[in-house]
Amino acid sequence: AKWLRITGSTVEELEDLGEIDMADPETVRMFVERLAAEQVDRRAAVFWDHGSSFTFGSDDSAPFSGAMKVDEIAAQFRVDPEDETSGYETVDLIGFDACLMSSVEALSEFTEVAPLFVASAELEPGDGWDYQGIFDFMGGKPDLTPADLAGAVVERYADYYANNPGRAGGLQVTQAAWSTETD
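What you are looking at is a predicted structure, and each value in this text was computed from that prediction instead of being measured.

Visitor: Teacher, can you tell me more about the environment of Thr145 here?
Guide: Structurally, Thr145 can be placed in the loop between helix H4 (131-139) and helix H5 (146-163). By relative accessible area, Thr145 is classed as partly exposed at 31%. A C-alpha to C-alpha distance of 8.4 Å links Thr145 and Arg42, two positions 103 residues apart in sequence.

Visitor: What's the story with the pairing of strand S7 (residues 93-97) in this structure? I'm lost.
Guide: Walk down a regular strand and you will see the side chains alternate between the two sheet faces. S7 sits mainly inside the fold: five of its five residues count as buried. Neither face of S7 is exposed, since Leu93, Gly95 and Asp97 on one face and Ile94 and Phe96 on the opposite face are all buried. In terms of strand pairing, strand S3 (residues 44-48) meets S7 through five bridges, oriented parallel. Paired with Phe47 across the strands is Phe96, a residue of S7. Taken together, the two bridges between S7 and strand S8 (residues 116-119) define a ladder with parallel strand orientation. By the bridge assignment, Gly95 is partnered in S8 with Val118.

Visitor: Could you clarify how one ought to interpret the packing of H4 against H5 in this entry?
Guide: Axes are the key here: two packed helices are described by the angle between their axes and the distance separating the axes. Two numbers describe how H4 lies on H5: the axes approach to 9 Å, and their chain directions differ by 140 degrees. One element, H4, and the other, H5, form an angle in the oblique class. As H4 runs across H5, the sense of the crossing is right-handed. Across the interface between the two elements, Gly133, Ile134, Phe137 and Met138 of H4 pack against Asp148, Leu149, Ala152, Val153 and Arg156 of H5. Class assignment for the residues of the contact of H4 with H5 results in six nonpolar, one polar and two charged.

Visitor: Help me understand the pattern of salt bridges in this model?
Guide: This structure, assessed with the given rule, holds eight salt bridges. Across the pair Glu15 and Arg34 runs a salt bridge, and its minimum N-O distance is 2.6 Å. Of this pair, Glu15 sits in strand S2 (residues 10-16) while Arg34 sits in helix H1 (residues 25-37), and the two are 19 residues apart along the sequence. You can call Glu15 partly exposed: its relative accessible area is 33%.

Visitor: Could you clarify how one ought to interpret H4 in this entry?
Guide: What H4 keeps buried is the set Gly133, Ile134, Phe135 and Met138. On its buried side, H4 packs onto strand S1 (2-7), S2 and H5.

Visitor: Explain H5 here, please?
Guide: Each turn of an α-helix holds 3.6 residues, which means side chains three or four residues apart point in the same direction. Taking 1.5 Å per residue as the helical rise, H5 with its 18 residues ought to reach 26 Å, and the 25 Å between its terminal C-alpha atoms agrees with that figure. Along H5, the positions that sit buried rather than exposed are Pro146, Leu149, Ala150, Ala152, Val153, Arg156, Tyr157 and Tyr161. Axial view of H5: buried residues confined to an arc of 160 degrees, hence all on one face. Exposed side chains of H5 directed beyond 90 degrees from the buried face belong to Ala162 and Asn163. Looking at the buried side of H5, the elements it contacts are S3, S7, S8, H4 and strand S9 (176-179).

Conventions and cut-offs
- Residues numbered from 1 in each chain as written.
- Predicted model: local features only at pLDDT ≥ 70, side-chain atom pairs only at ≥ 80, totals over all residues.
- Heavy atoms only, no water.
- Helix = DSSP H or I, 4+ residues; strand = E, 2+ residues; numbered from the N terminus.
- Buried < 20%, exposed > 50% of the residue type's maximum accessible area, 1.4 Å probe, protein only.
- Pairing = 2+ DSSP bridges.
- Axes fitted to C-alpha atoms, helices over the stretch in contact; angles between N-to-C directions.
- Parallel < 35°, antiparallel > 145°, perpendicular 65-115°, else oblique.
- Left-handed = near helix turned anticlockwise from the far one by under 90°.
- Contact = heavy atoms within 4.5 Å.
- Nonpolar A, V, L, I, M, F, W, Y, C, P; charged D, E, K, R; others polar.
- Salt bridge = Lys/Arg side-chain N within 4 Å of Asp/Glu carboxyl O.
- Expected span 1.5 Å × (residues − 1).
- Arc of directions from axis to C-beta.

On their own, these measurements won't tell you what the molecule is for.
Here is the structure:
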């Protein structure tokens, strides 16, 4: 895992955390606390690995292997993860670069965390999101909004696999950006 700061098209590695257990709620909590402490205008939390709509977990090839329920992940964004009545540390966008995470069940867990949710309803090819394409888009748009970013993730994903059909491994690719706002 790495802690990155993205400014325009510049990606700065702040810290290489090595192999850590991404299926451990304490790991998610560490990232949430650090993200909340950053003095930035916009925040996004993107989870990359394996998903199954109700759970998200580590790659079987990693030293740590396991899964968390989606509600356990969302709970780590609470000011007090143990208190279901506490408020939430919020971000502008939650993303899952993982299979099967674009479900009403997963989305509903993050309505208090972020106004935008990006994920795929189908199996994702191994390449996942087109991060380089996303970063290039961000660098060319200094007035980037969270909705712009959500749209760019979806568009760059679709473009990447349309231009590289062999990379999709025969899978039908899907990616969607959802508003979690209920008003």
